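Each chain is listed here by its residues.
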Amino acid sequence: MKICIWCTKIFDLGGTKRVVTLLANELVKEHDVTIMVYEDRFKEDRNMYHMSEDIKVDFIDNDFFVNRHHTPAFCWRYLVRKLNNKWGIFNREKLNSVLADAIFPKKTQDKWVEYLNEQDYDIIITTASLSLRLGMLAPRLKAKTIGWQHNCFDGYLKVPNVVFWKQEALLQEYLPKLDRYIVLSDYDKRDYKKILGIVTEVKINPRSFVSEKKCDPEAKRFLMATRFVYAKGLDLMMEAFEKFCREDDEWQLDIIGSGDLWNEIVADAKRRHIEDRVNFVGYTNEPEKYYLNSSVFLLPSRWEGWPMVIMEAFEFGLPVIAFHTGAMDLIIDDRKTGFLPEAFDVDKFAQAMLKLAHDDELRRKMSRNAIWKSEDFAIEKAVSEWNHLFEELMRRGEFYEQNKKAILQCRYKYQMRTTCAEYVKEYPVEEKTILYEAFGGRGMICNPYAIFKYLMSKEMYRDYKHIWIIDDYLDNGEEIEKYKKYPNVKFVKYKSKEYCKAISTAKYLINNVSFPSYFAKRKEQVYLNTWHGTPFKYMGFDIQGAGVAQGNTAENLLNADYIVSSGSYMTKTAYENSYKLKNIYEGVVLEEGFPRNDAFFRNNREETLGKLHRCGINLENDKKIILYAPTWRGEKYSTPETEMETIYELIRTVRENIDSAKYQLIIKLHQIVYYHMKEYQVETGSEYNIFVPATMDTNELLAITDVLISDYSSIFYDFLNTDRSVLFYHPDKDDFEHNRGLYFEEENLPGPVAADKETLGGFLQNISSAVEPYQERYRQIKSQNCLWDDGHACERIAAAVFEGAKPENPVFLNKTSKIKILVYAGNFENTDQAGEFDEFLKSVDMERFDITLIGTGAENEKTAQKLEELSKKIRVLYWKPSYPATDEEYVCHDRFMKSESQDVPEMLEDFYSREFGRLTGKSQFNYVAVFTERKEFFPVMSKKIQVKRIFTGDNWREILKL
Amino acid sequence: MSRLTGKAKKIFGNIKKVQREKGTKAMMWELWSTVTYVLYDKKKIRYIKKFPPKMVENRILFETNDDFTDNGRALFDYLVKQGYNKKYEIVWLVHEPGKYKKYETENVKFVRNFKKNSSIRRAEAYRYALTSKYIFYTQAFNWIGMSRKNQLFVDLWHGCGYKANKKNRKVFFDYCLIPGDIFIKTKMEFFGCTSKKLLPLGYPRYDLMLKGSSRAAEYSKKLLEETDSKKLILWMPTYRHASSERLNEETLNNEFNIPIIDDKQKLLELNTFCRENKILIVIKKHYLQIPYDFGDNVLTNIIYLENRDLEREDVQLYEFIHYADALVSDYSSVAIDYLLLDRPLGFTLDDYKEYTESRGWVFENPLEYMPGSHIYNMDEFEQFLLDVKNEKDSYIEERAKVRVQTHNVCENYCQRVLDYLKL
């Protein structure tokens with residue numbers, strides 16, 4: 001959505017500016033946000049409230065809209081305004097047009113309408129007095145309009161000569177023309193309704209930050225944070241504090257802020273002889289320091305809208321004493337989170353101060369309440385409410401009105417899926433933007449990291465923007481810190497709404513496993529899947545019962561424009577066979593070796609040791625390093641075993657058999673195990689300081705490793721580049737082979753295999769003689785799988801992907817003489833058609849045909865079993881309901897499936913063609929065979945699929961004659 | 001009423017201060033300037049700001065801190081050389097236009113910026129600032145206080161060094177030049193602007209530094225011959241005791257206010273060492289630095305270079321740098337600039353710790369970005385001199401590494417800036 005926030009000033013001190021910046025900073029993560037101001041462009045200071053760089057600021061030159069030369073018309077307008085301010089003579093309905101023209105001349109209005117319509121905003125929000133002007137323009141604007149009030153009703157209508165002074169009649173005419181008028185509290189809403197008859201809506205302002213640290217309730221200090229102006233009641237404060245000081249001689253008062261009344265107030269304090277008790281701090285950009293050092297917050301304002309300072313005070317755990325005015329009682333609960341003495345009764349104010357000052361227990365209690373109350377003002381809450389409002393405004397369509405409830409429900413239930421689809425539909429692809437994800441945001445590691453580092457080091461790629469997907473910022477602190485200072489590197493949280501935006505709009509996508517199922521690749525995007533290792537144990541559809549679980553990865557690969565392979569062995573095993581990409585993959589397999597292996601050709605030993613040191617792992621420079629890197633074990637990838645006993649057993653074995661003066665041991669657990677242990681807070685035990693965290697790049701580690709102890713992990717392939725020794729430790733071989741299966745016979749490994757710890761101990765005692773007999777095989781496997789590793793893989797891959805250069809070793813999998821048939825048979829519930837389908841499978845010659853089945857209904861046990869029993873030669877693409885669709889598409893699809901109608905609603909055509917693309921990538925098919933009711937097969941009906949002919953259960957036999 | 005008397009008080013206080021510091025004559029000038037300002041310029045300025053005159057589409061305005069030097073001068077010379085003055089009108093705001101008569105050619109104008117012998121700006125300066133389409137300057141142009149929609153304010157800036165500025169500062173510009181990407185983040189925070197406004201295009205003066213000039217060549221040759229030396233080493237310490245209080249940093253406290261050299265004895269020792277090894281050290285004074293106090297004819301192989309020397313010889317500092325065989329610096333931007341020449345660098349770091357505490361650094365590990373001898377004491381300094389003499393240079397690789405990170409190397413820096421601005 002294109003949102004415009006129109007205010008007079010933004011780069012200035014003040015609550016309104018802060019709230020607007022705060023909200024805009026959040027909104028810009030999902031929308032295009034422009035802030036339009038009447039300031040000179042050189043007033044820009046984004047440090048002030050930390051305005052995000054992505055927010056556009058439009059500096060309006062008011063001279064363009066207003067003619068300031070002193071013409072008679074100009075003078076007349078000036079006169080009207082002055083007279084009205086003085087006596088309110090134009091404040092009546094009949095004269096509205098005169099006053100309106102004086103405030104906002106007709107010609108100026110026309111220029112504004114033209115300008116705003118040109119910008120093509122979806123939503124325009126205005127603050128303060130501009131709401132009235134927007135109201136005058138509203139009927140002629142294409143955008144939806146929202147007025148946003150930042151002070152209480154009285155502050156806007158009862159203060160001489162500011163905001164809406166003596167303009168009630170105008171308000172009554174023009175505010176209702178806005179789509180929404182937002183006020184701060186229920187009291188304002190009541191007043192607008194009752195006094196002016198204007199309907200408004202309440203949106204509470206959010207707190208401006210979150211603080212881990214809280215105040216010290218023992219501190220004997222009051223705090224005030226305010227501008228030095230009349231409205232803030234500093235004179236009342238001095239009077240009350242003088243009274244307080246008569247009864248107390250310990251407490252101090254800090255006042256931060258400055259303003260016009262500074263000199264007067266300071267003089268007043270002197271006159272009252274309390275200057276040694278009051279500490280005038282002036283303006284500070286570290287207010288936190290003062291909040292943390294005080295225990296009670298004071299706010300003697302004469303009027304306030306929705307004071308941000310109270311929310312800040314609450315966030316730090318400070319109870320607040322304020323006069324009972326405006327909406328104060330909606331924020332402060334009297335006697336719970338503070339005191340609300342009667343308005344402007346200085347004695348009562350002083351009494352409240354004394355009470356709180358002299359009752360430690362009460363202070364502590366109120367402090368706790370304040371912290372608890374602070375949660376009500378969370379920014380996330382406010383943002384979601386605003387978003388909700390935008391939704392409502394933007395969609396007044398018929399379909400939305402009819403199905404509002406279902407749509408909103410869907411939106412709430414499938415946040416990621418709907419968000420993703422919306423970005424795909426509404427946002428253009430951002431050129432020169434690269435997104436990197438490694439193991440679902442585990443960190444800046446593996447192949448994506450290697451490519452990233454390469455691109456960062458090259459001048460020619462300097463204008464690219466890089467987005468890293470990170471799951472846990474804390475875990476990746478060091479790397480993030482290192483790259484934070486580059487303005488073209490951005491970090492985005494995994495599976496957040498920002499993540500949806502990133503994967504839907506980045507031009508280049510680099511992943512080493514797969515994106516979630518709600519990722520839909522767009523035609524304009526370029527997707528490079530680097531994978532994360534040469535296969536050793538079974539992977540993909542080769543794993544027993546892996547069907548649905550691997551479906552998403554297979555679809556990801558089909559969608560990739562480029563896949564990286566370490567060599568022909570990997571291309572064949574992993575891509576052609578395991579993921580069954582042979583015949584239908586239309587992208588390019590880049591047999592260039594893994595980018596991460598470039599690390600072996602650079603010497604970064606000291607840097608890596610330093611990095612380890614900072615993770616708490618201290619290695620000695622002159623000792624050789626033994627690395628034990630076991631893979632994960634267990635039933636499911638998502639819930640691996642975290643049994644530490646076997647690992648400690650190995651540690652003991654190693655320690656007993658090596659010369660500790662020469663060797664040192666470190667352990668790197670499989671990243672999913674590490675993650676799981678962190679999630680469930682499983683401790684690594686007494687030897688915690690030899691466990692390398694998963695955020696550390698494995699290949700950096702391998703590059704400094706002298707002896708590798710591996711098990712079933714494919715890590716050893718990379719390690720062969722170093723020509724150093726590798727040992728295998730397979731204590732649970734039978735178990736593992738049964739569960740997962742290996743592509744490789746144990747005898748063919750490039751190093752000795754130990755089935756128990758005694759054997760391993762033997763090997764360790766004399767490593768060189770243990771590995772001696774395996775040299776020949778070592779060389780052979782190395783030449784097979786490390787053929788392309790020469791330290792320049794990144795360069796070759798980057799040239800192909802970003803420069804469009806011809807790849808050096810491309811492999812194409814789509815060359816075939818087989819006839820490619822796409823089959824759909826629903827969830828096999830339609831019994832007679834299911835019989836035909838079985839018949840079809842029996843009679844079709846797999847040597848002549850390439851069969852792809854779209855499998856649905858795998859959540860149903862019976863269907864799942866049937867899918868499982870299908871011949872392995874059939875390629876099954878699983879279509880699960882976790883697809884990306886907008887909320888309206890979800891509901892519409894649902895309605896359509898349940899209805900009798902055969903005609904695809906227009907709304908769904910785009911969705912169906914997107915889905916078909918998501919499922920099959922760029923694959924081409926010659927024929928389609930449908931063994932179910934045609935309607936259920938959405939791609940056919942969306943007419944987007946291009947094949948020679950579509951067969952059905954009645955005429956499929958003709959296929960055999962092709 | 002009280003506001004008026006307050007203002008009057010302030011003005012008289014200022015005039016008295018001038019008398020105290022600069023004498024009666026200067027006071028009279030100041031008084032004259034103030035009176036004419038109040039009578040004429042003030043109203044004029046207010047009027048032209050409210051109703052700005054029509055903009056001159058092809059007017060380029062230059063202002064540099066030290067008149068007619070640095071990046072502004074480099075870019076100006078390039079513009080004239082390439083004949084841009086046929087298409088554009090080029091205006092310089094300077095203190096004393098009479099001095100620059102000889103540079104006036106077609107469409108080039110020098111305009112008095114301030115009232116004579118005073119620091120009060122003339123309405124004329126405002127008029128030119130408000131009617132120029134392009135405005136180039138090297139420090140800040142905040143005095144103008146407003147901008148017009150189609151104007152382009154380009155801050156050529158005066159260099160990015162190692163020092164961080166904890167306090168941020170408001171500076172007017174649409175674009176500001178920096179040497180390379182690594183400075184974007186810190187400068188962004190310093191100015192509070194977006195990264196799009198910071199252009200990592202390098203500085204126009206790099207062209208001067210990379211090419212040199214015949215005048216500068218002669219001058220450096222003269223210096224070498226006079227002292228019978230073979231190698232010229234330029235030493236450019238950052239200012240320590242400045243005349244401006246705002247910028248003063250007292251981290252070094254020794255007799256001469258220069259790093260490493262603690263007392264007279266050491267300085268004479270260094271002089272002897274240089275003479276023996278036929279090395280000439282030229283110390284360039286920072287323009288904010290208070291002059292050092294030395295007797296005559298004591299130092300043979302260590303000489304001071306002041307702005308007026310350069311002015312006399314009509315040589316730009318960056319042209320002169322081209323003829324230095326090596327550079328000694330501390331945390332100043334010139335060290336970054338000098339990387340482009342790929343010659344030996346020495347860094348004096350004796351107050352590194354104090355600096356870390358008082359100001360902080362642009363880089364996380366500033367030492368990693370100092371690819372040259374790290375000099376903490378006299379012995380290391382002499383070793384560095386010997387290395388230069390023997391042409392022993394073991395930092396080539398390191399320099400290349402840092403250069404890649406801090407610069408975007410190109411052939412013609414002036415043209416790149418002009419291309420970007422589509423001039």
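Residues numbered from 1 in each chain as written. Chains lettered and ligands numbered in written order. Predicted model: local features only at pLDDT ≥ 70, side-chain atom pairs only at ≥ 80, totals over all residues. Heavy atoms only, no water.

Q: Give a detailed account of the overall build of chain A, specifying residues and quantitative values.
A: Secondary structure summary: chain A contains 41 helices and 31 strands in total. Within chain A, counting contacts between residues at least 6 apart in sequence, those at least 24 apart form 71% of the total. Counting every atom, chain A has about 41,800 Å² of accessible surface; 48% of that belongs to carbon and sulfur. (Helix = DSSP H or I, 4+ residues; strand = E, 2+ residues; numbered from the N terminus. Contact = heavy atoms within 4.5 Å. Areas by Shrake-Rupley, 256 points an atom, 1.4 Å probe, with all protein chains shown as cover.)

Q: Lay out the overall build of chain B with the relevant residues and their values.
A: When helices and strands are tallied, chain B shows 15 helices and 13 strands. Burial status across chain B gives 56% buried among its 423 residues. Taking as baseline every contact in chain B between residues at least 6 positions apart, the subset at least 24 positions apart corresponds to 65%. Of the roughly 20,100 Å² of accessible surface on chain B, 50% is carried by carbon and sulfur atoms. (Buried < 20%, exposed > 50% of the residue type's maximum accessible area, 1.4 Å probe, protein only.)

Q: Break down the packing of helix H8 (residues 264-277) of chain B against helix H13 (residues 378-389) of chain B for me, with residues and values.
A: All names here are of chain B. One can describe the packing of H8 onto H13 by two numbers: an axis separation of 11 Å at closest approach and a directional angle of 15°. As far as their axial angle goes, H13 and H8 are roughly parallel. Between H8 and H13 lies a crossing of right-handed hand. Of the residues in H13, those touching H8 at Lys266, Leu270, Phe273, Cys274 and Asn277 are Met378, Phe381, Glu382, Leu385, Leu386 and Lys389. Residues of the contact of H8 with H13, tallied by class, amount to seven nonpolar, one polar and three charged. (Axes fitted to C-alpha atoms, helices over the stretch in contact; angles between N-to-C directions. Parallel < 35°, antiparallel > 145°, perpendicular 65-115°, else oblique. Left-handed = near helix turned anticlockwise from the far one by under 90°. Nonpolar A, V, L, I, M, F, W, Y, C, P; charged D, E, K, R; others polar.)

Q: Lay out the sheet that holds strand S2 (residues 32-37) of chain A with the relevant residues and their values.
A: Residues and elements named next belong to chain A. Reading across the sheet, the seven strands line up as S3-S2-S1-S4-S5-S6-S7 and stay open at both edges, with parallel pairing between neighbours. Because the sheet does not close on itself, it has two edges, and the strands there are strand S3 (56-59) and strand S7 (201-202). Across four bridges, S2 lies against S3 in parallel orientation. Looking at the pairing, Ile35 lines up with Val57 of S3. Against the sheet, helix H17 (residues 379-394) contacts strand S1 (2-6), strand S4 (123-127), strand S5 (144-148), strand S6 (180-183) and S7, and its axis sits at roughly 145° relative to S5. (Pairing = 2+ DSSP bridges.)

Q: Kindly report on the pattern of salt bridges, identifying the contributing residues and their values.
A: Any two side chains of opposite charge can pair if their charged atoms end up close together. Residue and element names in this part refer to chain A. Inspection of every chain in the model, using the stated rule, returns 86 salt bridges over all chains. The salt bridge involving Asp191 is made with Arg190; its shortest N-O contact spans 3.3 Å. Asp191 sits in the buried class, given a relative accessible area of 15%. Of the residues examined, Arg190 reaches a relative accessible area of 44% and is grouped as partly exposed. Note that Asp910 is salt-bridged to Arg914, the shortest N-O span being 3.0 Å. Taken as a pair, Asp910 and Arg914 lie in helix H39 (residues 906-920) at a separation of four residues, close to a single helical turn. Asp910 sits in the partly exposed class, given a relative accessible area of 33%. Looking at Arg914, the relative accessible area reads 14%, which means it is buried. One network of salt bridges, in which partners are shared, links Glu242, Arg246, Asp268, Arg271 and Arg272. (Salt bridge = Lys/Arg side-chain N within 4 Å of Asp/Glu carboxyl O.)

Q: Just give me the short version of the nonpolar core, but keep the residues and values in it.
A: The biggest cluster of nonpolar side chains holds 230 residues, and the ones touching the most others in it are Tyr575 and Phe802 of chain A together with Phe136, Tyr162 and Ile321 of chain B. Here this core takes seven residues from helix H21 (residues 446-457) of chain A, the largest share from any one element. Among residues more than four places away in sequence, those in contact with Tyr575 of chain A are Trp531, Leu557, Ile563, Val564, Ser565, Met570, Lys580, Leu581, Lys582, Val589 and Leu813 of chain A. The next biggest cluster of nonpolar side chains, apart from the first, holds 58 residues, and it includes Met1, Leu223, Val320 and Met328 of chain A. (Core = buried A, V, L, I, M, F, W, Y, C linked by side-chain atoms within 4.5 Å.)

Q: How would you explain the side chain of Asn488 of chain A if you had to name every residue and give the values?
A: All names here are of chain A. Examined against the element boundaries, Asn488 turns out to sit in the loop between helix H22 (477-484) and strand S16 (489-493). Side-chain polar atoms of Asn488 contact the backbone oxygen of Tyr464, separated by 3.2 Å. Among residues more than four places away in sequence, those in contact with Asn488 are Met456, Arg462, Tyr464, Lys465 and His466. (Polar contact = N/O pair within 3.5 Å; in protein donor to acceptor, adjacent residues only side chain to side chain.)

Q: Give me the sheet that holds strand S15 (residues 465-470) of chain A: which residues, what numbers.
A: All names here are of chain A. One open sheet holds the eight strands; their spatial order is S16-S15-S14-S17-S18-S19-S20-S26, and the pairing between them is mixed. On the outer flanks of this sheet lie S16 and strand S26 (810-811), each paired with one strand and no other. As paired elements, strand S19 (residues 562-565) and strand S20 (residues 588-591) share four bridges and run parallel to each other. Bridging from a neighbouring strand, Tyr562 pairs with Val588 of S20. In the packing of helix H23 (residues 497-505) onto the sheet, contacts are made with strand S14 (430-437), S15, S16 and strand S17 (506-511), and the angle to S17 comes to roughly 105°.

Q: Which residues make up the interface of chain B and chain A, and what values do they have?
A: Every contact between the two is made by 34 residues of chain B and, on the other side, 22 residues of chain A. When chain B packs against chain A, close to 2,400 Å² is buried across both sides, 44% of that on carbon and sulfur atoms. Considering only the side of chain B, the residues that lose the most area to chain A are Phe51, Lys149 and Lys185 of chain B, jointly responsible for 20% of the buried surface there. Where chain B packs against chain A, one counts three salt bridges. Elements with a contribution of two residues or more to the side of chain B that touches chain A: strand S5 (152-155) and helix H5 (184-191) of chain B. Here the side of chain B that touches chain A takes six residues from H5 of chain B, the largest share from any one element. (Buried area = accessible area lost by both parts, 1.4 Å probe.)

Q: A description of the packing of aromatic side chains should follow, citing residues and the corresponding values.
A: A full pass over the atoms with the stated rule returns 93 aromatic pairs over all chains. Consider the rings of Tyr483 of chain A and Tyr486 of chain A, whose centres lie 5.9 Å apart with planes at 35°: the pair is tilted. The same class applies to Tyr483 of chain A as to Tyr486 of chain A, namely buried. Through pairs of rings, three or more aromatic residues link up here, namely Phe62, Phe68, Phe76, Trp92, Tyr100, Tyr103, Phe110 and Phe136 of chain B. Just above the ring of Phe594 of chain A sits the side chain of Arg596 of chain A; from NZ or CZ to the centre is 5.0 Å. Above the plane of the ring of Tyr128 of chain B lies Arg127 of chain B, whose end atom (NZ or CZ) is 5.1 Å from the centre. (Phe/Tyr/Trp six-rings, centres within 6.5 Å; stacked < 30°, edge-to-face > 60°. Lys NZ or Arg CZ within 6 Å of the ring centre and 35° of its normal.)

Q: Tell me about unusual backbone geometry, residues and numbers included.
A: One non-glycine residue, Phe439 of chain A, lies in the positive phi region at around 45°. Overall, the relative accessible area of 15% leaves Phe439 of chain A in the buried class.

Q: Residue-level account of the environment of Gly346 of chain B, with values.
A: Mapped onto the elements, Gly346 of chain B comes out in strand S12 (residues 345-348). Setting aside chain neighbours within four positions, we find Gly346 of chain B in contact with Leu327, Val328, Ser329, Ser373, Ile375 and Phe384 of chain B.

Q: Which residues make up helix H3 (residues 72-87) of chain A, and what are the values?
A: Residues and elements named next belong to chain A. If you check H3, its first and last C-alpha atoms are 22 Å apart, about what 16 residues at 1.5 Å a residue would give, namely 22 Å. If you check which residues of H3 are buried, you get Arg77, Val80 and Asn84. Within H3, the buried residues cover an arc of 60° as seen down the axis, which keeps them to one side. Turned more than 90 degrees off the buried face of H3, the exposed positions are Pro72, Lys86 and Trp87. Check the buried side of H3 and you find it contacts helix H4 (96-103). After H3 finishes, the residue Gly88 shows a positive phi value of roughly 70°. (Expected span 1.5 Å × (residues − 1). Arc of directions from axis to C-beta.)

Q: Before we move on, can you summarise a negative patch on the surface with the specific residues and values?
A: Residue and element names in this part refer to chain A. A cluster of acidic side chains, namely Glu635, Glu641, Glu643, Asp734 and Asp735, defines a negative patch on the protein surface. Along the polypeptide, Glu635 turns up in the loop between strand S21 (624-629) and helix H27 (645-657). Accessibility expressed as a relative area gives 75% for Glu635, which makes it exposed. (Patch = residues over 30% accessible without salt bridge, like charges linked within 9 Å, V, L, I, M, F, W, Y side chains within 5 Å. Lys, Arg positive; Asp, Glu negative; His and termini not counted. Charge placed at Lys NZ, Arg CZ, Asp CG, Glu CD.)

Q: Please set out the pairing of S21 of chain A residue by residue, giving values where relevant.
A: Residues and elements named next belong to chain A. Among the six residues of S21, five are classified as buried, and the element is accordingly described as predominantly covered. What joins S21 to strand S22 (residues 663-667) is H27, and the crossover it makes is right-handed. As defined by bridge partners, S21 adjoins strand S23 (residues 707-710) across four bridges and the pair is classed as parallel. Along S23, the bridge assignment pairs Ile626 with Val707. (Right-handed = clockwise from strand over helix to strand, strands pointing away.)

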